[in-house]
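What follows is each chain in one-letter form.
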Amino acid sequence: MERFPHDRIQLPRNMIENSMFEEEPDVVDLAKESCLHPLEPDEVEYEPRSSRLLVRGLGEHEMDEDEEDYESSAKLLGMSFMNRSAGLRNSAAGYRQSSDGSCSVPSTRTMVVCAAVLVIAVAVIMVIYLLPKCTFTKEGCHKNRTMELIYPLATNGKIFPWAKIRLPSYVVPLHYDLVLQPNLTTKEFAGSVRITVNVIQVTWNIILHSSGLNITKITLSSAGRSQTKAVEFLEYRMHDQIAIVAPDALLVGQNYILSIDYSSNLSDTYYGFYKVSYKDEHTKKRWLAATQFEPLAARSAFPCFDEPAFKATFLIKIRRDEQYTALSNMPKNVTIPVAAGIVQDEFSVSLKMSTYLVAFIVANLTTTRRETNRTWVSIYAVPQKLSQVEYALDTAVKLLEFYQKYFHIDYPLQKLDLVAIPDFQAGAMENWGLITFRETTLLYDNRTSSTMDKNLITAVIAHELAHQWFGNLVTMEWWNDLWLNEGFATFMEYFAMEETFPELHADEEFLKLRFKTMMKDSLNASHPISSAVQSSKQIEEMFDMLSYVKGASLLLMLKKYIEHDTFQAGIQNYLHNHSYGSTRSDDLWDSMNKVTNGTLDVKRLMKTWILQKGFPLVTIRRKGKTLFIHQERFLRSPESENWTSDASYLWHIPLSYKTSNCSSLFCPYSYLLDQKSATIELQEEVKWVKFNVDMDGYYIVHYAEDGWETLIDQLKRDPTALSAKDRAHLINSIFTLVGVGKVSLLKAFNLLDYIVKENEAAPITQALFQLSVIYGLIEKRGMQDLAARVVGRVEKLLGSKIDQQTWTDNGTLSERELRSTVLAFACSYHLGKCNTTATKLFEDWKASNGTKSLPTDVMKTVFTTGAKSNDGWEFLLSMYTSSVSEAEKYKMLEALASTEDVRKLIWLMQTSLEGDFIRSQELSHIIATVSQSLPGHLLAWDFVKENWENLIQKFHVGSYTIQNIVTVSTSQFSTEAHLVEVKTFFESKSEKSSELRCVREAIETIQLNIKWMMTNLKMLQQWL
């Protein structure tokens, strides 16, 4: 292993010229940069201007009302003008050049002709824009449903017969025969696919997807006939589409077979059919090939109809070297030799499924398996890590049995493979019958995995197994309803864990995720969970916390309101009615309405939640026994440019509440608020009322007048009168309301005083999170004295709790999680004797050359403390390279990224981007850790700026990884100078980058940080 190169790491210019501790960064150079930037190549919408474009009537393929492809009459006029421009230049005889090079005055005839042309041009423009039924938008004039369409040019200069992003529906796939031969030596693959299609409407063209494939031959034949014909194909790369031009009309109701031969390189990103390197047990470099197709990458492995609604069956054959094994969605039927050293594995014909669920792997893997209900469940890993798969196998079997019972639908395949991939960007992927995972989300090492690691593995397996029904058996029709897949899988993940593994307290983790998601959803840059999407960037951006966690939260709220049995019956109804089909959100609500028997219009209620962004703020005023309730949109930044008036927002809110006089027999109470304001009459006088019980609803509550005081008094007297989740909820709500000026910071700190009596993990974790946010903002401003006083306040509140913690793995899982959280905080902020104890444990571990066992729940804290010294950091890095436990390596990497040595931090980020020594899958985690420290937060942002093009090439624009990198690298900024810097940087980039939703969120977050500091800094200084 090469040692860390201290002297070769170059500091960024900002780090050399400016003090890390200045309040304002130097932005002079940024101001000098040009704001002009040309269109990127992939943003150009048309081929060279001199090409002639064919304009055809829309005819049988009318455009959707929301389609934004090439329909603009303004573009039509402009392109017509450009196509004629060459001819106009050639007829420039009206201006004659004299011998001295000057231009003579044009003749009277020429001037008259020019004037006439100008009048005609103006008249044409007026006719186009002033015609009846013409809708004017920024794209131009849209004549409703009768607009003529400009077709784009294919790569060979011919007219491409389709202009939309989405494929036409007049030809649909029925079956694919796919043969693939990857070569792990040359890193290339060859393929052939035979697609059986059915014609719905007469056409001469078949439009499908292909991306980056070298197509060598295409033939077309009628099904059942042996005669095949070579056919012409056209390619339009902007939409990843090819058009097969048939020699004769394709007839309605007929089946045809489309055969395509092609080749390509194995991808060096995390998308498509990609290559992965890893070290075997002898540290020899090995390769494997795996797939990641969701959402739009199946087209880069084989030509296909790559949209979720185009379901078909698949027969997959993999040709491979004998030394490897191959896996796919279905069980292997037969293996036959095809050449010297080459064999072909043929898998069973699949069930009807979407292309993004197709998967195959060629690798050297080992497995262990178990049968349950006629299904073989297998866990695959590289040979040296097979000892870490037992927990995953036990968990997968239990969860599979639970889901089959809960849904009343058997898992429909004969096998279920769970595969740990050494380098994998996502947490996991739900390919039907062949689920792929990061090693950290599947492998559990008894010696180094903590209780949090066990929680993570269980949750990810539960999520992916839920997808075998929600997503695979029943699939959303289009990506605008991604939440139907991901929201349901996330909801079932936590519900299944509560039912099957109650000791893991999955509900507390779900609660933390809801807090985090609502912070994102309260930004103006948020979006409805069911949103119109077209482009690949828009589709990638749908894979965010809102689709996952907000979707799950809304299902939790609905389940609590209509009660469990009714909810379960609605789910079963939905799955049975739409098996092997594609659905929209309304299909789910219709299924629910069938089981509510008219007592509740679920569709009417839930549409207010999925079609509006954000969530409501419910304000409670109590006068005696009367509760006055009012709802409005909760928005943390109403001054934003695109802010929509609150008057247009109305939710149907299933309120839940409890009072000081509640008995378990009648509580909680419920009330449906479907108007702006309402009143509730209590049956008796009460001391306090708490709404949104256990935070099962997706709304925030403000208690006006003395409402907060009564709850604070109760917490200080007896916090156990409220559940641990309710206590955590109150902490989160009051600090969130401080940010919008509804509650004073002083009142929020007054509430926190009760924490000295707190013993549960959820409230303490939430309190430490809120204080860490405040600490981070003031520390990054260089206000070290004030930051120290914040820490001192924490020590007064939790000092005894810190001292009570033992450095062991004893206790319940909840107690162990609390220990891990409290000690990590204490050592990070040098509280008590935490660092002394952690340092001693690290030195003992180091002296044993890493052989001595450490308590797993405090292992990360011990590593982080040890990495503060140069020797400790170097030793930890050497142990990172030799460890075979991914759980241990993950903790080591976070500790390495917590150093304050800026050269080491730069080296870690750069090395991870390169992906050899530290995998690129870890880069987002490294940047997030680096961003938290005082010396690291500017470094992380500099790194993102300097490597932006590489980042979006490796991880794709709009992907969850890019979203996370942008968010974490800017979240600590709270000055106008940093705001200008971030805005200027992204404005200088391509439109694809500058218009990312995560960029808008980052800018809005910085504005909110600035606002928070302006509002609360003086009060904070006075109080502390």
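Read on for an overview of the structure. (Residues numbered from 1 in each chain as written. Predicted model: local features only at pLDDT ≥ 70, side-chain atom pairs only at ≥ 80, totals over all residues. Heavy atoms only, no water.)

Let's talk about the overall build of the protein
Along the backbone of the protein there are 31 helices and 33 strands. Evaluated residue by residue, the protein yields a buried proportion of 59% over its 1024 residues. Pairs at least 24 apart in sequence give 72% of the contacts found in the protein among residues at least 6 apart. Carbon together with sulfur atoms contributes 51% to the accessible area of the protein, which is approximately 42,200 Å² in total. (Helix = DSSP H or I, 4+ residues; strand = E, 2+ residues; numbered from the N terminus. Buried < 20%, exposed > 50% of the residue type's maximum accessible area, 1.4 Å probe, protein only. Contact = heavy atoms within 4.5 Å. Areas by Shrake-Rupley, 256 points an atom, 1.4 Å probe, with all protein chains shown as cover.)

Side note on the pattern of salt bridges
Inspection of every chain in the model, using the stated rule, returns 42 salt bridges. Note that Lys 891 is salt-bridged to Asp 453, the shortest N-O span being 2.6 Å. In this pair, Lys 891 sits in helix α23 (residues 886-896) while Asp 453 sits in helix α6 (residues 451-467), placing the two residues 438 residues apart along the sequence. Each member of the pair Lys 891 and Asp 453 is classed as buried. Here Glu 541 ties to Lys 537 by a salt bridge, and the two come within 3.8 Å at their closest N and O atoms. You can see Glu 541 and its partner Lys 537 sitting in helix α9 (residues 536-541), four residues apart, about one turn around the helix. Taking the relative accessible area as the measure of exposure, Glu 541 reaches 6% and is therefore buried. According to the relative accessible area criterion, Lys 537 is buried, its value standing at 14%. (Salt bridge = Lys/Arg side-chain N within 4 Å of Asp/Glu carboxyl O.)

What to know about the sheet that holds strand β7 (residues 203-209)
Taken in spatial order, the three strands line up as β7-β11-β10 in an open sheet, and their pairing is antiparallel. Each having just a single partner strand, β7 and β10 (232-236) make up the two edges of the open sheet. Averaged over all neighbouring strand pairs, the angle between strand axes comes to 25°, with direction disregarded. (Pairing = 2+ DSSP bridges. Axes fitted to C-alpha atoms, helices over the stretch in contact; angles between N-to-C directions.)

A word on the sheet that holds strand β5 (residues 171-183)
Across the sheet, which stays open at both edges, the eight strands sit in the order β9-β8-β12-β6-β5-β15-β18-β17 with mixed pairing between neighbours. One side of each edge strand has no neighbouring strand; the edge strands of this open sheet are β9 (229-230) and β17 (332-339). Sheet analysis places β5 next to strand β6 (residues 188-199), joined by 12 bridges and oriented antiparallel. Within β6, the position partnered with Val 171 by the bridge is Val 199.

Considering the state of the cysteines
Inspection of every chain in the model, using the stated rule, returns two disulfides. One disulfide bridge connects Cys 827 with Cys 834, the sulfur atoms lying 1.9 Å from each other. Residues Cys 827 and Cys 834 share a disulfide whose torsion about the S-S bond is about -95°; that sign makes it left-handed. In this pair, the class of Cys 827 matches that of Cys 834, namely buried. (Disulfide = S-S within 2.5 Å.)

Let's talk about unusual backbone geometry
Omega for the peptide link from Glu 294 to Pro 295 comes to 5°, which places this bond in the cis form. One non-glycine residue with positive phi stands out, namely Asn 849, at about 60°. Relative to the helices and strands, Asn 849 is located in the loop between α20 (834-847) and α21 (859-866).

With respect to the environment of Glu 439
Here Glu 439 shows up in the loop between β24 (434-438) and α6. Of the residues examined, Glu 439 reaches a relative accessible area of 3% and is grouped as buried. Dropping the residues within four chain positions of it, Glu 439 is found in contact with Val 382, Lys 385, Ala 420, Ile 421, Pro 422 and Glu 886.

Observations regarding the nonpolar core
Phe 302, Tyr 403 and Phe 691 are the most contacted members of the largest nonpolar core, which has 308 residues in total. Sequence-distant contacts of Phe 691, that is, excluding residues within four places in its chain, are made with Ile 620, Leu 627, Ile 629, Leu 655, Ser 656, Tyr 657, Ile 680, Val 701, Tyr 703 and His 729. (Core = buried A, V, L, I, M, F, W, Y, C linked by side-chain atoms within 4.5 Å.)

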